[in-house]
Amino acid sequence: MNLYAIPPLFTSILFLIVGIYIYLYNRKSVINITFALEWFSVFIWQFGYFVVYSTTNKQVALLWTKILFIGVIFLPTIFYHFVIKLLKMEKKGIIIGLNYIISLIFVISLFFTKHFVSGIDTFYWGFQTKAGFLHTSFLVFFSSLYISCYYLLFKTYHKIRIKFPLEVIRFKYILCFIDVKKNFT
């Protein structure tokens, strides 16, 4: 086994365990389901890299590169879905559906064209993806969804931080945010 394959294997197992825990904690909650799916998407991404770095067969590496990108492609869409459900912004439901359609189009292009992944290169650590021209469009999609999610979360955080102090704790966990001013004054 390639030593470079060990970190993705380790992290993929951790993401899978946490995702299962989140799902089992409340199977009926859309918030839990979408958050668990987010962790499962990262599991697919990391486990895919474990296989890509472990194999010596270029065709297997290319197939698993495409599989791991399924997880990456759905990351921003699922996170957006999670944030909208968390913030109870039901009017944005159509945008959630549109994001899933866009993600599906990227997945279709991934498997049926060379516009998303044009191939793979060999390096000392293993195989690595060669990005096609659609990869740049995906990065714009990925970034814009995450930026909009964090904008909505920060906006809501600042609205509720005085009225609902218990909710603030939950938002801090989601945002990985610590009120620096409070800790250093």
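Please read these numbers as outputs of a predicted model, since none were measured by experiment. (Residues numbered from 1 in each chain as written. Predicted model: local features only at pLDDT ≥ 70, side-chain atom pairs only at ≥ 80, totals over all residues. Heavy atoms only, no water.)

(A) Just the overall build of the chain, in detail. Counting its secondary structure elements, the chain contains 7 helices and 2 strands. Starting at the N terminus and walking to the C terminus, you meet the elements of the chain as α-α-α-α-β-β-α-α-α. Considering only C-alpha atoms, the chain reaches an extent of 55 × 35 × 35 Å along its principal axes. Looking at the chain as a whole, 40% of its 185 residues are labelled buried. Taking as baseline every contact in the chain between residues at least 6 positions apart, the subset at least 24 positions apart corresponds to 62%. (Helix = DSSP H or I, 4+ residues; strand = E, 2+ residues; numbered from the N terminus. Buried < 20%, exposed > 50% of the residue type's maximum accessible area, 1.4 Å probe, protein only. Contact = heavy atoms within 4.5 Å.)

(B) Local environment of the pattern of salt bridges. Tallied over the full model, the rule gives 2 salt bridges. Glutamate 90 is the salt-bridge partner of lysine 85, the closest N and O atoms lying 3.2 Å from each other. Overall, lysine 85 belongs to the partly exposed group, its relative accessible area being 24%. Between lysine 130 and aspartate 121 there is a salt bridge, with the nearest N and O atoms lying 3.6 Å from each other. By relative accessible area, which is 34% here, lysine 130 ends up partly exposed. The partly exposed category is assigned to aspartate 121, whose relative accessible area is 29%. (Salt bridge = Lys/Arg side-chain N within 4 Å of Asp/Glu carboxyl O.)

(C) Region of interest: the nonpolar core. In terms of nonpolar packing, the biggest core is built from 38 residues, with Phe69, Ile73, Phe79, Val83, Phe116 and Phe138 touching the most fellow members. Among the elements of the structure, helix H2 (30–54), helix H3 (58–86), helix H4 (93–112), strand S1 (117–123) and helix H5 (134–160) are those that each provide at least two residues to this core. A per-element tally of this core places H3 first, with 14 residues. Once residues lying within four places of it in the same chain are set aside, the contact partners of phenylalanine 116 are Phe69, Ile73, Phe106, Ser109, Leu110, Lys130, Ala131, Gly132, Leu134, His135 and Phe138. (Core = buried A, V, L, I, M, F, W, Y, C linked by side-chain atoms within 4.5 Å.)

(D) Quick peek at the side chain of threonine 55. Among the structural elements, threonine 55 can be located in the loop between H2 and H3. Within the structure, the side chain of threonine 55 is placed 3.1 Å from the backbone nitrogen of asparagine 57, a separation counted as a polar contact. (Polar contact = N/O pair within 3.5 Å; in protein donor to acceptor, adjacent residues only side chain to side chain.)

(E) Spatial organisation of the environment of isoleucine 95. Tracing the chain through its elements places isoleucine 95 in helix H4. Of the residues examined, isoleucine 95 reaches a relative accessible area of 33% and is grouped as partly exposed. Sequence spacing of isoleucine 95 and isoleucine 84 is 11 residues, and the spatial spacing of their C-alpha atoms is 9.8 Å.

(F) Quick peek at the pairing of S1. Here S1 pairs with strand S2 (residues 126–131) via 6 bridges, running antiparallel. From the neighbouring strand, isoleucine 120 faces S2, where its bridge partner is threonine 129. (Pairing = 2+ DSSP bridges.)

(G) A look at the layout of surface pockets. Reported here for the second largest pocket is a volume of approximately 190 Å³. Lining the second largest pocket, in full, are Tyr21, Ile22, Tyr25, Asn26, Ile31, Asn32, Phe35 and Phe82. Mapped onto the lining of the second largest pocket, the elements with two or more residues apiece are helix H1 (6–25) and H2. Among the residues making up the lining of the second largest pocket, the classes are represented as 6 nonpolar, 2 polar and no charged. (1 Å grid on protein atoms, 1.4 Å probe; cavity = no way out; pocket = protein on both sides within 12 Å on 5 of 7 lines; lining within 4 Å. Points joined across faces, edges and corners; volume = space filled by probe spheres on them. Nonpolar A, V, L, I, M, F, W, Y, C, P; charged D, E, K, R; others polar.)

(H) Broad picture of the packing of H3 against H4. Running from N to C, H3 and H4 point in directions that differ by 175°, and their axes come no closer than 10 Å. The angle between H3 and H4 falls in the class roughly antiparallel. Here Lys66, Ile67, Phe69, Ile70, Ile73, Phe74, Thr77, Ile78, Tyr80, His81 and Ile84 of H3 lie close against H4, whose contacting residues are Ile95, Ile96, Asn99, Tyr100, Ser103, Leu104, Phe106, Val107, Leu110 and Phe111. Across the contact of H3 with H4, the residue classes tally to 16 nonpolar, 4 polar and 1 charged. (Axes fitted to C-alpha atoms, helices over the stretch in contact; angles between N-to-C directions. Parallel < 35°, antiparallel > 145°, perpendicular 65-115°, else oblique.)

(I) Spotlight on H4. Between its first and last C-alpha atoms H4 spans 29 Å; for 20 residues at 1.5 Å apiece the expected length is 28 Å, and the two agree. Ile96, Asn99, Ser103, Phe106, Val107, Ser109 and Leu110 are the residues of H4 that are buried. On an axial view of H4, the arc spanned by its buried residues comes to 160°, and they lie on one face. Facing away from the buried side of H4 by more than 90 degrees, the exposed set consists of Ile94, Ile105 and Phe112. Tucked into the core, H4 has its buried residues touching H3, S1 and H5. (Expected span 1.5 Å × (residues − 1). Arc of directions from axis to C-beta.)

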